[in-house]
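The residues making up each chain are set out below.
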Amino acid sequence: MIVPPDNKFNKDLKGRLMFELQRLGVNPVQYTLKELFPSSRSSKDAVSMAKRTGARSVVALGSGSVCDAGKDVRAELERGMSAVPLLVIPTSFSPTALK
C-alpha cells in the first residue's frame, strides 16, 4: 500500500484501511512516501520494496501524485508477472487519478 506523508486525515483513513485489509486476510505492507509529490526515486524505492516483499497487488491511498506512484509501481511489477491488481483510493478530486 502506497500512502502519502502522514497527516491526521490520511493517518485515520490509512488505519481503517489497514484494519479492513487484515480482517479480510490480506497482509498489507506499507510504503510511506517521503515527500508530498513523489519523485522517480520514490517510485523506484516502492517498486523495490514491493518486489522484496512479494507484493501481488498495489493499493494507492492519497492525492493524484500518490495515485500516479501506484500506477508506476503496478507497471513495473507487471514486467515480471501477469496482471497486477491496482486499487486507487483518491483523497482529493483529480480527474487524472482515475485514468
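Up top is the structure these notes are about.
Figured I'd write up the structure that's included with this text. (Residues numbered from 1 in each chain as written. Predicted model: local features only at pLDDT ≥ 70, side-chain atom pairs only at ≥ 80, totals over all residues. Heavy atoms only, no water.)

1. Describing the packing of helix α2 (residues 40-53) against helix α3 (residues 64-78)
1) Next: Orientation of α2 relative to α3, taken along the N-to-C sense of each, is 50°, at an axis distance of 9 Å. For the element pair α2 / α3, the angle class is oblique. Of the two possible hands of crossing, α2 and α3 adopt the one that is right-handed. In this structure, α2 uses S43, A46, V47, A50 and K51 to contact α3, whose residues at the interface are A69, D72, V73, E76 and L77.
2) Next: Taken together, the residues of the contact of α2 with α3 sort by class into 6 nonpolar, 1 polar and 3 charged. (Axes fitted to C-alpha atoms, helices over the stretch in contact; angles between N-to-C directions. Helix = DSSP H or I, 4+ residues; strand = E, 2+ residues; numbered from the N terminus. Parallel < 35°, antiparallel > 145°, perpendicular 65-115°, else oblique. Left-handed = near helix turned anticlockwise from the far one by under 90°. Contact = heavy atoms within 4.5 Å. Nonpolar A, V, L, I, M, F, W, Y, C, P; charged D, E, K, R; others polar.)

2. Digging into α2
1) Next: Helix length check: α2, at 14 residues, gives a terminal C-alpha distance of 20 Å against a target of 20 Å (1.5 Å per residue), a fit within 8%.
2) Next: Inspection of α2 places S42, S43, A46, V47, M49 and A50 among the buried residues, and these make up the whole buried set. Along the long axis of α2, the arc covered by the buried residues comes to 165°, so they all point the same way. Exposed residues lying more than 90 degrees from the buried face of α2 are S40, R41, K44, K51 and R52.
3) Next: Looking at the buried residues of α2, the elements they touch are β2 (31-32) and α3. (Expected span 1.5 Å × (residues − 1). Buried < 20%, exposed > 50% of the residue type's maximum accessible area, 1.4 Å probe, protein only. Arc of directions from axis to C-beta.)

Don't take any of this as a statement about function, it's just geometry.
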